[in-house]
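Structure at a glance
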Amino acid sequence: MAKFITMGEPLVVFIAKEEGYLKDVSLFEKGLAGAELNVAIGLSRLGHQVDYISKVGADPFGEYIKESIAGYQISTEKIQTMGSHQTGFYIKSKVASGDPDIAYYRKNSAASTIQMEDIMHLSFRGVDAFHVTGISLALSESILKAERYLIKEAAINEVPVFFDPNLRPQLWESEERMKEVINEIAYMSDYFLPGISEAQRLTGLKSAAEIAQHYLIHGTRNIVIKLGAAGAYFATKEGTGTIKGFLVREVVDTVGAGDGFAVGLMSSLLEGYTIEEAVCRGNAIGALAVMSEGDNSGLPAREEMETFMTNHCE
Ligand code: KDG
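All values derive from a computational prediction rather than experimental measurement.

**Section: the sheet that holds strand β12 (residues 232-235)**
- Strand order in the open sheet formed by 9 strands is β5-β4-β1-β8-β9-β10-β11-β12-β13, and the pairing between neighbours is mixed. Taken across any chain shown, the strands that pair with only one partner, and hence form the sheet edges, are β5 (79-82) and β13 (240-243).
- Summarising the sheet, strand β8 (residues 129-133) and strand β9 (residues 161-164) pair through 4 bridges and their orientation is parallel. Bridge pairing in β9 links histidine 131 to phenylalanine 162.
- Sheet contacts for helix α9 (residues 257-270): β1 (3-7), β8, β9, β10 (191-192), β11 (222-226) and β12; angle to β9, the most-contacted strand, approximately 165 degrees.
- Contacts from helix α10 (residues 275-290) reach β10, β11, β12 and β13, with the element oriented near 150 degrees to β12.

Dropping the structure here:
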């Protein structure tokens, strides 16, 4: 089994139990969230080892997060607890279709204070892949600096960097800054994993093929563009292709689908499968993720994933 590193902000999410504007909802269910944490949970469910680097506040949300993470057999050794800052959370609406509304309560959170001193000692020896998302890059200048350092260290140690832009404009000071930083990291990554509308926003280009060319020319080693229900398009040095998506019975909640895709793609590649097979597994776990309400509750154990995938890949 492979060993992964990821770093980011764990959040508590309160999921609305009734449809309507968030201001009107009175019943919420508590859950665990955070893009990098979702990925860590997904990889761990498939039997892989993950080092999750973060910080939480010395508060009930921080305790809940650490206890839940330990319950997923993910080590909490690299999660610092700090008294000076709080744990972030967010609330999410319930919708009949489309993406839910969200409201963040995370400014100056404990995780946003991650800095060079917290990660400088980290070793990539024995690590098989480093996972990065655009959410952590947006949290503060100090975490951005730390992520840049780790990406360079990963490259020195020949550890592939998987980068999901996870565009969250609310977290950036401006659209320009968001595009500038995300593209800078995309050009440095081994696998860049944008959704098609994210990639269009980042480049101003339209088709997946044009977008892929743009990134490959600028230094991105491989790119996989998520096309929603249509599957995903990939471009590597060896070639390009589109892998069809899976049939989804009912879209319950789209949040976390991209994380599911990353889990499928990364785990499969690291297990030695081809890019076509890996994109197929990405599509499968993305589909499973949208059929459940929680940000990571749809991420499958290996047997469930294999059952779902049987007879579905082409
Ligand atoms: O990718 C899913 C995440 O968006 C969700 O779990 C919450 O990390 C989160 C965020 O910042 O939106």
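Now that the structure has been shown, we can carry on.
**Focus: the packing of aromatic side chains**
- For the coordinates displayed, the defined rule picks out 11 aromatic pairs.
- For the ring pair phenylalanine 89 and tyrosine 105, a centre distance of 4.7 Å and an interplane angle of 10 degrees mean the geometry is stacked. A residue pair is termed long-range when its members are at least 10 positions apart, and phenylalanine 89 in strand β6 (residues 89-94) and tyrosine 105 in strand β7 (residues 102-105) qualify at 16 residues.
- For phenylalanine 89, a relative accessible area of 24% puts it in the partly exposed group.
- Here the aromatic rings of phenylalanine 124 and phenylalanine 130 are separated by 5.5 Å at their centres, their planes lie at 75 degrees, and the arrangement is edge-to-face.
- Among the residues examined, phenylalanine 124 registers a relative accessible area of 4% and is labelled buried.
- One aromatic cluster is present, formed by Phe14, Phe61, Phe89 and Tyr105 through successive ring pairs.

**A short note on helix α6 (residues 175-188)**
- Between its first and last C-alpha atoms α6 spans 20 Å; for 14 residues at 1.5 Å apiece the expected length is 20 Å, and the two agree.
- Regarding α6, the residues found buried are Arg177, Met178, Val181, Ile182, Asn183, Ile185 and Ala186.
- Packed against the buried residues of α6 are α4 (134-139), α5 (141-156), β9, β10, α7 (196-203) and α8 (208-217).

**Some points on the pairing of β1**
- With 4 of 5 residues buried, β1 lies mostly within the body of the structure.
- Pairing of β1 with strand β4 (residues 49-57) involves 5 bridges; the strand directions are parallel. For phenylalanine 4, the partnering residue across the bridge sits in β4 and is valine 50.
- Where β1 meets β8, 3 bridges bridge the pair, whose relative direction is parallel. Looking at the pairing, phenylalanine 4 lines up with alanine 129 of β8.

Reading guide: rules and limits
- Residues numbered from 1 in each chain as written.
- Predicted model: local features only at pLDDT ≥ 70, side-chain atom pairs only at ≥ 80, totals over all residues.
- Heavy atoms only, no water.
- Pairing = 2+ DSSP bridges.
- Helix = DSSP H or I, 4+ residues; strand = E, 2+ residues; numbered from the N terminus.
- Contact = heavy atoms within 4.5 Å.
- Axes fitted to C-alpha atoms, helices over the stretch in contact; angles between N-to-C directions.
- Phe/Tyr/Trp six-rings, centres within 6.5 Å; stacked < 30°, edge-to-face > 60°.
- Buried < 20%, exposed > 50% of the residue type's maximum accessible area, 1.4 Å probe, protein only.
- Expected span 1.5 Å × (residues − 1).

Functional significance is not addressed by these values, which are geometric in nature.
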